[in-house]
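# Residue-level structure breakdown
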Amino acid sequence: MRRRRPVRTLLAAALLGLASTVLGAGPAQAAGETTLTADPLSTWQTDGIVWALAYVKGVVYVGGTFGNIRPPGTSPGNSRELPRRNFAAFDADTGQPLPCAPAFTGGSGTVRALKASPDGEVLYIGGSFGSAGGVGRSNTAGLDTDDCTIDDDWRPTVSSTVRAIDVTDTTVYLGGQFSTVQGQPRERVAALRRDSTLLPFRAVIEGSSIPNDTTPGINAITVAPQLNKVIIGGRFTSVNGSLLNSVHGLVGLDATTGEIVHRFTGWIPRRSAVKALVNDGTNFYLGAEGTGGGVFDGRATGRLSDGELLWKDTCLGATQAVVPWKGVLYSGSHAHNCSSTPGGFPEHNNRQHLLAQSIADETILPWFPDTNDGIGEQIGPRAMVMAEAEGILWTGGEFTTVNDRPQQGLTRFAEHPDTEAPQVPILSGTSASPGEITLSWRASWDRDDGTLTYRIHRDGTYLASVEAESRHWDRPTITFTDTVEPGATHRYSLEVTDGTNLSGRNGPVYVTAGN
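Residues numbered from 1 in each chain as written. Predicted model: local features only at pLDDT ≥ 70, side-chain atom pairs only at ≥ 80, totals over all residues. Heavy atoms only, no water.

## Points about the sheet that holds strand β5 (residues 59-65)
- Ordered by their spatial adjacency, three strands build an open sheet running β4-β5-β8, and the pairing between neighbours is antiparallel. One side of each edge strand has no neighbouring strand; the edge strands of this open sheet are β4 (49-56) and β8 (87-91). Mean inter-strand twist for the sheet, computed between neighbouring axes without regard to direction, equals 25°.
- Relative to β5, β4 is paired through seven bridges, and the arrangement is antiparallel. By the bridge assignment for β5, A52 is matched with G63. (Pairing = 2+ DSSP bridges. Helix = DSSP H or I, 4+ residues; strand = E, 2+ residues; numbered from the N terminus. Axes fitted to C-alpha atoms, helices over the stretch in contact; angles between N-to-C directions.)

Laid out in structure tokens, this is it:
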């Protein structure tokens, strides 16, 4: 099972006069959080891209660009496929599909945003569509979560794609690429009562932070009603007529008027845009996507009350989704260089699509399930949501594999069970001194345990254990010296455990001690 973040300690084990040495350097120490396991739960799949996820009362709702869902482990076109037009619902615990399946069609035929009201009664849906469950709607709709009917009270007319939604007890905030709502000017962001009445809240969003892109847009919204504050993120360079670069990609607004309350100057550089925003009532968390080499692609954490930056990592590989859970920030990206982030990895010709970081200090934790880039823009994960009562992290996106096995569009991770044993390494042995046999092996690695224990057997009997840290990009050579009678020949084998799962034994390796 997954472990607390290990302190990078290289053991010098002494047992019956035996010594071991572990080579390699490790990541920074930090707070010792636990993570979910990296072993995915059995999950139904889509035949397209998942853009948005929401959790409401034991149900996970899925929105995107797809036409069908199919059982775990099956290929597209499977006879058990079920039609689901850009929207599906699943039991959050079992992962089984539910009959709630209104089709979203017209426009570009895609669902881009999902967010439930705080009471869980209505799921607000955004995207590019003209029909929701056969009822005419203009790029946004509401779903009554009790009976899966399209809500009659929520029927705003929105001129273009809705990409972000957040909801309070009284107000629905929309963000996207639109210019009018209910026939009134609302440039990229708007607020409405839950009965579709347009509110005076207004912010003029202009300019694009992306070169050769003349259309500003809002990708993410998070609201802190207790502070009367809404934070919006996207690609823009001006808000409410502010001077160029004084507001860039991220801004805090008064939730009633739309006036600027936080500018976040210097947080988001040019050629970078905010793609994800969430808050936990105390802090807010963002994911960013840069255009061009070396532009901010990572995650940042800020304090809701005063907008102070708490940390900002330096990973490359566009971040699309973030979820805080029990002191850990989970994210979906295609990270490929986190060398300047504590616990991170260098550029090593590999994209890591799922990460876990300490909220306390940004350290990357040993949790490395992975997807491929997949289809579409080939970015991998696009959306995440925590089914809180079940403790299950749902992840959706463009991917078609998870942990190198076929799985399209959706996957899930929980706190247990941990079922994957580390791979046992190849063992070798030599003798360079009388009565001494030195065993060596390259460290194995595990997707959700940073510290592994290597169990050494001599002549079929357990001899000693060596504990060492490793990551898939950092697998040091480990040595162990056994003191025996000079000239004696012994048989050695090795097995490795993550504390829950034990590999098979390798070897045996026969070594004769020098005289």
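## Some thoughts on the side chain of N86
- Among the structural elements, N86 can be located in the loop between β7 (82-83) and β8.
- A distance of 3.0 Å separates the side chain of N86 from the backbone oxygen of G109, its partner in a polar contact.
- Each residue touching N86, except ones within four places of it in the same chain, is listed here: V62, G63, G64, T65, F66, F104, G109, T110 and V111. (Polar contact = N/O pair within 3.5 Å; in protein donor to acceptor, adjacent residues only side chain to side chain. Contact = heavy atoms within 4.5 Å.)

## What about the pattern of salt bridges?
- Scanning the model with the defined rule gives 20 salt bridges in all.
- Measuring nitrogen to oxygen at the nearest pair gives 3.5 Å for the salt bridge that ties D119 to R194. In this pair, D119 sits in the loop between β10 (110-116) and β11 (122-128) while R194 sits in the loop between β20 (189-193) and β21 (205-206), placing the two residues 75 residues apart along the sequence.
- Look at D119 and you get partly exposed, because its relative accessible area is 43%.
- Linking D404 and R447 is a salt bridge whose minimum nitrogen-to-oxygen distance equals 3.4 Å. With D404 in the loop between β36 (401-402) and β37 (405-406) and R447 in the loop between β40 (436-442) and β41 (451-458), this pair connects stretches of sequence that are 43 residues apart.
- Among the charged side chains, a network of salt bridges with common partners joins K57, E121 and D146. (Salt bridge = Lys/Arg side-chain N within 4 Å of Asp/Glu carboxyl O. Buried < 20%, exposed > 50% of the residue type's maximum accessible area, 1.4 Å probe, protein only.)

No statement about biological role is implied by the geometric values presented.
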